[in-house]
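# Analysis of the macromolecular model
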Amino acid sequence: QVELVESGGDWVQPGGSLRLSCAASGTILSINNMAWYRQAPGKQRDFVAVITSSGITNYADMVKGRFTISSDNAKNTVYLEMTSLKPEDTAVYYCTAGVRTTATRYITSWGQGTQVTVSS
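Counting from 1, residues in each chain are numbered in the order their sequence is written. In keeping with the predicted nature of the model, local features appear solely for residues at pLDDT of at least 70, side-chain atom pairs appear and are counted solely at 80 or more, and the whole-chain, interface and lining totals rest on all residues. To obtain the side-chain values, all non-hydrogen atoms of the structure were included, while hydrogens and water were left out.

## Some remarks on the pattern of salt bridges
Salt bridge, as used here: a side-chain nitrogen of Lys or Arg that lies within 4 Å of a carboxyl oxygen of Asp or Glu. Tallying each qualifying case throughout the model produces 4 salt bridges. Residue Arg-19 pairs with Glu-81 through a salt bridge whose shortest N-O separation is 3.6 Å. Here Arg-19 is found in strand β3 (residues 18–26), whereas its partner Glu-81 is found in strand β8 (residues 77–82), with 62 residues between them in sequence. Through salt bridges with shared partners, one network takes in Arg-38, Arg-66 and Asp-89. For helices the rule is a DSSP run of H or I covering at least 4 residues; for strands it is a run of E covering at least 2, with both sets numbered from the N terminus onward.

Structural data, given as structure tokens:
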């Protein structure tokens, strides 16, 4: 079993910044990739950013240039640095990870989410 715990969500004014963290724990042989998704009220869950174990990153167009994903592989932790925040960034942000738990078992695990609210 693998648990993901997000933190760092908060209320912030437009133009502000926040840093989200997500730590994975449990039966982890290796982590292939970690990613962030977000879901606004009444909308589908959307991809935000991903980072692979080798450090390759990819971003949704809506956050390119404003958000930065990074990771600390030794701590099984991923971060999302968010700058120039807009009201439309308001959402619950979810962390997900592709985890190899044994030599033959690979799972995708999700966190419970952390709320980010951008408003004046």
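## Re unusual backbone geometry
The backbone of Asn-76 shows a phi angle near 50 degrees, a positive value even though the residue is not glycine. Looking at where Asn-76 falls in the secondary structure, it is placed in the loop between β7 (67–72) and β8. When a residue's accessible area, from a 1.4 Å probe over protein chains only, is under 20% of the maximum for its type it is buried; when over 50% it is exposed; and in between it is partly exposed. According to the relative accessible area criterion, Asn-76 is partly exposed, its value standing at 24%. Positive phi, normally seen in glycine, also occurs at Ser-84, with a value near 50 degrees. Taking relative accessible area as the criterion, Ser-84 reaches 40% and is therefore assigned partly exposed.

## Re the side chain of Thr-77
Its location among the elements puts Thr-77 in strand β8. Polar contacts, as counted here, are pairs of nitrogen or oxygen atoms within 3.5 Å of one another; within protein the pair requires one atom able to donate a hydrogen and one able to accept it, and residues that are adjacent in sequence qualify only if both atoms are side-chain atoms. From its side chain, Thr-77 meets the backbone oxygen of Lys-75 in a polar contact 2.9 Å long. Not counting residues up to four positions away in its chain, the partners in contact with Thr-77 are Cys-22, Ala-23, Met-34, Ser-70, Ser-71 and Asp-72. Note on definitions: a residue-residue contact is assigned when non-hydrogen atoms from the two residues lie within 4.5 Å.

## Things to note about the sheet that holds β3
In this scheme, strands are said to pair when DSSP sees at least two bridges between them. Strands sit in the order β1-β3-β8-β7 across an open sheet of 4 strands; the sheet is antiparallel. Edge positions in the open sheet fall to β1 (2–7) and β7, since each of these has one partner strand only. Between one strand and the next, the sheet's axes are offset by a mean angle of 15 degrees, whatever the strand orientation. Where β1 lies against β3, 6 bridges are found, and the strand directions are antiparallel. Bridge pairing in β3 links Glu-6 to Cys-22. The axes are straight lines fitted to the C-alpha atoms, using for helices just the contacting stretch, and the angles between their N-to-C directions are given from 0 to 180°.

## Regarding the nonpolar core
Each nonpolar core is a collection of buried residues, namely Ala, Val, Leu, Ile, Met, Phe, Trp, Tyr and Cys, held together in the definition by side-chain atoms within 4.5 Å. Within the largest apolar cluster, 30 residues are counted, with the highest numbers of intra-cluster contacts made by Met-34, Trp-36, Leu-80, Met-82 and Tyr-93. Contributions of two or more residues to this core are made by β1, β3, β4 (30–39), β5 (45–52), β7, β8, β9 (91–100) and β11 (114–118). If one sorts the elements of this core by residue count, β9 sits on top with 5 residues.

## Observations concerning the state of the cysteines
The disulfide criterion used throughout: a pair of cysteine sulfur atoms within 2.5 Å. Applying the stated rule across the entire model yields 1 disulfide. Paired by a disulfide, Cys-22 and Cys-95 hold their sulfur atoms 2.1 Å apart. Sign of the S-S torsion, about -80 degrees for the bond between Cys-22 and Cys-95, identifies this disulfide as left-handed. Residue Cys-22 is located in strand β3, and its partner Cys-95 is located in strand β9; the two are separated by 73 residues in the primary sequence. The same class applies to Cys-22 as to Cys-95, namely buried.

None of this, on its own, says anything about what the molecule does.
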